[in-house]
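Per-entry structural report
The lines below spell out each chain.
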Amino acid sequence: MRAHAAVIAAAVTALLVAGCSSSPAESVEDWYADGGEKQIKQMAQDAGRVSEVSTRSLDVIGPACQDLADHVPAAEALDPIPDKVAQLRWERALTALREGADQCTAGVAAKDQPTTGEGVRKIQLDGLHTLPDVTSRIKTVLEDK
């Protein structure tokens, strides 16, 4: 009787594991729904704001860069995207956004316009411009679902 119960338990466990597994597209969809979309939008909004005020005075640029710097850790804390290509693009974007925001806020604190400008350019060129690559890859993966 115990052997029979053990066989049934093993079969049920195998069915549950197989039934719970998801396709790569479903895993990406779960990541996106469980905070990924929100964080991508937050990064785009913050980086877009930095870009929008980039020609203004340091007292206007500084808060925009600080908002981005404050929000990047939440995006970095997400689980990796379960798609290698999308994850590499996401990491590249987050690295540029974090480094640019740090450089920008340091430049503003030192009242150093060139350093602030370098940080802003990193945000614009290396971060903000990479985010569409992330969403494009995610959409491609989801279309294959």
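As the structure is a computational prediction, the values presented were derived from the model and not from experiment. Every chain is numbered independently, its residues counted from 1 as its sequence is written. The model is predicted, so local features are restricted to residues of pLDDT at least 70 and side-chain atom pairs to those at 80 or more, both for listing and for counting; the totals for chains, interfaces and linings are taken over all residues. No hydrogens and no water enter the side-chain calculation; it runs on all heavy atoms of the structure.

Moving on, we come to the overall build of the chain. Here a helix means four or more residues in a row that DSSP labels H or I, a strand means two or more in a row labelled E, and each is numbered from the N terminus. A count of helices and strands for the chain gives 6 helices and 0 strands. Listed by position from the N terminus, the elements making up the chain come as α-α-α-α-α-α. Buried, partly exposed and exposed residues are distinguished by accessible area as a fraction of the type maximum, computed with a 1.4 Å probe on protein chains only: under 20%, between the cut-offs, and over 50%, respectively. Taken across its 145 residues, the chain has 34% of its residues classed as buried. All accessible areas in this document rest on Shrake-Rupley with a 1.4 Å probe, and a residue is counted as covered only by the protein chains that are shown. When the accessible surface of the chain is summed, it comes to about 8,500 Å², and 55% of that surface belongs to carbon and sulfur atoms.

With axes taken as lines fitted to C-alpha atoms, and helix axes fitted only over the stretch in contact, angles between N-to-C directions fall between 0 and 180 degrees. Across the interface, helix α2 (residues 24-52) lies against helix α6 (residues 131-143) with an axial gap of 10 Å and an inter-helix angle of 155°. When the axes of α2 and α6 are compared, the pair comes out roughly antiparallel. Where α2 crosses over α6, the handedness of that crossing is left-handed. Contacts from Pro-24, Ala-25, Val-28, Glu-29, Trp-31, Tyr-32, Ile-40, Met-43 and Ala-44 of α2 reach α6 at Leu-131, Val-134, Thr-135, Ile-138, Val-141 and Leu-142. Put simply, angles under 35 degrees are roughly parallel, angles over 145 are roughly antiparallel, angles from 65 to 115 are roughly perpendicular, and the rest are oblique. Each crossing is labelled by how the near helix is turned from the far one, with a counterclockwise turn of less than a right angle marking it left-handed and a clockwise turn marking it right-handed. We call two residues in contact whenever any of their non-hydrogen atoms come within 4.5 Å of each other.

Time to look at the pattern of salt bridges. The term salt bridge refers to a side-chain nitrogen of Lys or Arg lying within 4 Å of a carboxyl oxygen of Asp or Glu. Taken as a whole and judged by the stated rule, the model has 6 salt bridges. For the salt bridge of Lys-41 with Glu-37, the shortest nitrogen-to-oxygen distance reads 3.1 Å. With Lys-41 and Glu-37 both in helix α2, this residue pair falls 4 residues apart, about one helical turn. Residue classification places Lys-41 among the exposed residues on the basis of a relative accessible area of 51%.

With that settled, consider helix α4 (residues 84-109). What a helix should span is 1.5 Å times the count of its residues minus one. With 26 residues, α4 extends 37 Å between its outermost C-alpha atoms, agreeing within 8% with the 38 Å of an ideal straight helix rising 1.5 Å per residue. Looking at the residues trailing α4, positive phi occurs at Lys-111, about 55°.

Mapped onto the secondary structure, Thr-130 falls in the loop between α5 (113-128) and α6. A polar atom in the side chain of Thr-130 sits 2.6 Å from the backbone oxygen of Asp-126. Among residues more than four places away in sequence, those in contact with Thr-130 are Arg-89, Arg-92 and Ala-93. Any pair of nitrogen or oxygen atoms within 3.5 Å is treated as a polar contact; in protein, a donor-acceptor pairing is required on top of that, and neighbouring residues in sequence qualify only through side-chain atoms on both sides.

Only buried Ala, Val, Leu, Ile, Met, Phe, Trp, Tyr and Cys residues count toward a nonpolar core, and they belong to the same one when joined by side-chain atoms within 4.5 Å. If you look at the biggest cluster of nonpolar residues, it comprises 32 residues, and the most contacted ones within it are Met-43, Trp-90, Leu-97, Ile-123 and Ile-138. Once residues within four sequence positions are removed from consideration, Trp-90 is found in contact with Trp-31, Gln-39, Ile-40, Met-43, Ala-75, Leu-78, Ile-81, Leu-131 and Val-134.

Our next topic: the state of the cysteines. Any cysteine sulfur atom paired with another within 2.5 Å is treated as part of a disulfide. Applying the stated criterion to the full structure yields 1 disulfide. The disulfide partner of Cys-65 is Cys-104, and the S-S distance across this bridge is 2.0 Å. Taking the torsion about the sulfur-sulfur bond, which here is approximately 75°, the covalent link between Cys-65 and Cys-104 counts as right-handed. Within this pair, whereas Cys-65 is found in helix α3 (residues 58-76), its partner Cys-104 is found in helix α4, the two being separated by 39 residues in sequence. A relative accessible area of 0% means that Cys-65 is categorised as buried.

Tracing the chain through its elements places Gln-39 in helix α2. For Gln-39, a relative accessible area of 11% gives the class buried. Separated by 33 residues in the primary sequence, Gln-39 and Val-72 place their C-alpha atoms 8.5 Å from one another. Excluding its chain neighbours within four sequence positions, the residues that come into contact with Gln-39 are His-71, Ala-74, Ala-75, Leu-78 and Trp-90.

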